[in-house]
Amino acid sequence: MAAPIDSASDVVASKTSMPSLKSLSAVSPLTLRIIAECPVTKARACDLKLPHSLVNTPVFMPVGTQGTLKGITSDQLEDLGCKICLGNTYHLGMRPGPALIEKANGLHGFMNWKRNLLTDSGGFQMVSLVELSEVTEEGVKFKSPYDGNEILLTPEKSIEIQTASVRLDDVVSSTVTGPRVEEAMHRSIRWLDRCIGANQNPEKQNLFAIIQGGLSADLRKTCLDEMTKRDVPGFAIGGLSGGEEKDDFWRMVTLSTEHLPRHKPRYLMGVGYAVDLVVCVALGCDMFDCVFPTRTARFGSALVPWGSLQVKQKQYAKDFQPIDPDCKCPTCKRHSRAYLHALFKNDTAAMHHITIHNISYQLTLMLSARQSIIDGRFPDFVKNFMRKMFPSSDQYPSWAVDALASVNITLDQH
Ligand SMILES: [Zn+2]
């Protein structure tokens, strides 16, 4: 229902720890400045001004769980130019636990991450924990997967107790249909009002309302109508990328961006495949997050403009090129495919090198998309991207072709 963005570096000096913008003084909520809009598609390049730094959009936000981005340090993340990442507070609330986080001067202090943090945690974990959880009007009751204790999370708690911050959201898996979806959507609207009511510092805490409604256009439209009546700093498009058909996915995304206010940021949750990112930028989304690039790195999969490169494959044992000769990341500047292949067999450092490359790939992809929007050549950027990604045009996924056609991009045949 609401995702707080904590954007302050000096929150580390505060006692109230974690994502609490409440602890800051003299900060303003975020502002969005539209730098350029693509005249052909719905893509836009914006500057998202958070109290202590600027985020250029479209932006990909890497996901940290348990106070860390697996396989990468905060320093390395900063060096890659990452300005905002997600802190997964749901897990942090239990392990290492709020007390430890508080002791470390909050999540920023704990992670030693001085840039922006978006705390996310409700929805998707709730979906994965659905068997453990009981959703009532009061909140979500579930057993801690760590110690079995029963925990009740209410919307008020999610705003108030930022140390154990859970952005509470009644989410059902996107593959579920029927009355449960409608119930969840209405409850999310009621819970949003409770969150807004519980937020004592609306001038300091940036809450994003999360648009639900599953795969029903009617429900999503109702949710959009209701939530956009509320004056919240930004909107997230939720309840997607949970295994639904891609054709349903993009239609729900474009329906959402169609009805969201132009002057507020649009955050599409849980999306991280390169093709999905590029298509959804064309459909008008600004912010994305996903565990995919870091998770896949740990299996030796490096993201490249032509898809992915499996470092473990034998064919790379004597290949002295970098993962991607055009990539400017520290891994590609220094290491060959052969080295990473050998390292992968007996050292977790290989995973770290690939994680760095993958995050760099995602950040660079979004920066290139942004620059092309500013330069007025975004449709060509999309066509080139797709041409590189798929060896022949018959391999274009039909949903992507349709989605792009809906915003006036006709892909080339090759
Ligand atoms: Zn690289």
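Cut-offs applied
- Numbering of residues starts from 1 in each chain and follows the order in which that chain's sequence is written.
- Per-residue local features are limited, in this predicted model, to residues with pLDDT of at least 70; the limit for side-chain atom pairs, both in listing and counting, is 80 or more; totals at the level of whole chains, interfaces and linings are taken over all residues.
- Derived side-chain values reflect all non-hydrogen atoms in the structure, with water molecules and hydrogen atoms excluded from consideration.
- UniProt positions are given in the numbering used here, feature names are shortened, and annotations may be inferred rather than shown by experiment.
- Each helix is a run of DSSP H or I of at least 4 residues and each strand a run of E of at least 2, with the numbering of both proceeding from the N terminus.
- Per-residue accessibility, obtained with a 1.4 Å probe over protein chains only, is compared with the maximum for each type, and a residue is labelled buried under 20%, exposed over 50%, and partly exposed between these values.
- Metal donors were taken as nitrogen, oxygen and sulfur atoms no farther than 2.8 Å from the ion, or 3.2 Å where the ion is Na, K or Ca. Water is excluded, so coordination may look unfinished.
- Sites are called tetrahedral only when four donors show all angles between 85 and 135 degrees, square planar or octahedral only when four or six donors show opposite pairs over 155 degrees and all other angles between 65 and 115, and irregular in any remaining case.
- The rule for pairing is simple: two strands pair if DSSP sees at least two bridges between them.
- Fitting a line to C-alpha atoms yields each axis, with helices limited to the stretch in contact; the angle taken between N-to-C directions then spans 0 to 180 degrees.
- Two residues form a contact once any of their heavy atoms are found within 4.5 Å.

Within an unreviewed UniProt entry, the label attached to the protein reads Queuine tRNA-ribosyltransferase catalytic subunit 1, and the organism entered is Gadus morhua. A UniProt comment under Catalytic activity (unreviewed entry) is attached to the protein, and it reads "guanosine(34) in tRNA + queuine = queuosine(34) in tRNA + guanine". In its Cofactor (unreviewed entry) section, the UniProt record describing the protein reads: "Zn(2+)".

A word on unusual backbone geometry. The omega angle of the peptide bond from Thr 57 to Pro 58 is 0 degrees, so this bond is cis rather than trans. As for its position among the elements, Pro 58 is in the loop between strand S4 (53–57) and strand S5 (59–65). The phi dihedral of Asn 408 falls on the positive side, at around 70 degrees, and the residue is not glycine. Mapped onto the elements, Asn 408 comes out in the segment after helix H16 (398–406). Take Asn 408: its relative accessible area is 54%, and that puts it in the exposed class.

Turning our attention to the coordination of the zinc ion. Donor atoms from the polypeptide that coordinate the zinc ion comprise Cys 327 (SG), Cys 329 (SG), Cys 332 (SG) and His 357 (ND1), at 2.0 to 2.3 Å from the metal. Viewed at the metal, the four donor atoms of the zinc ion are separated by angles of 100 to 117 degrees, and the geometry they form is tetrahedral.

Right, let's get into the sheet that holds S4. Ordered by their spatial adjacency, three strands build an open sheet running S2-S3-S4, and the pairing between neighbours is antiparallel. Two strands close off the open sheet at either side, each with one partner strand: strand S2 (31–37) and S4. Neighbour-to-neighbour, the strand axes of this sheet turn through a mean angle of 20 degrees, independent of strand direction. Bridging between S2 and strand S3 (residues 44–50) involves six bridges; their strand directions are antiparallel. If you follow Arg 33 over to S3, its bridge partner there is Asp 47. Relative to S3, helix H14 (residues 349–374) is tilted by about 115 degrees, and along the sheet it contacts S2, S3 and S4.

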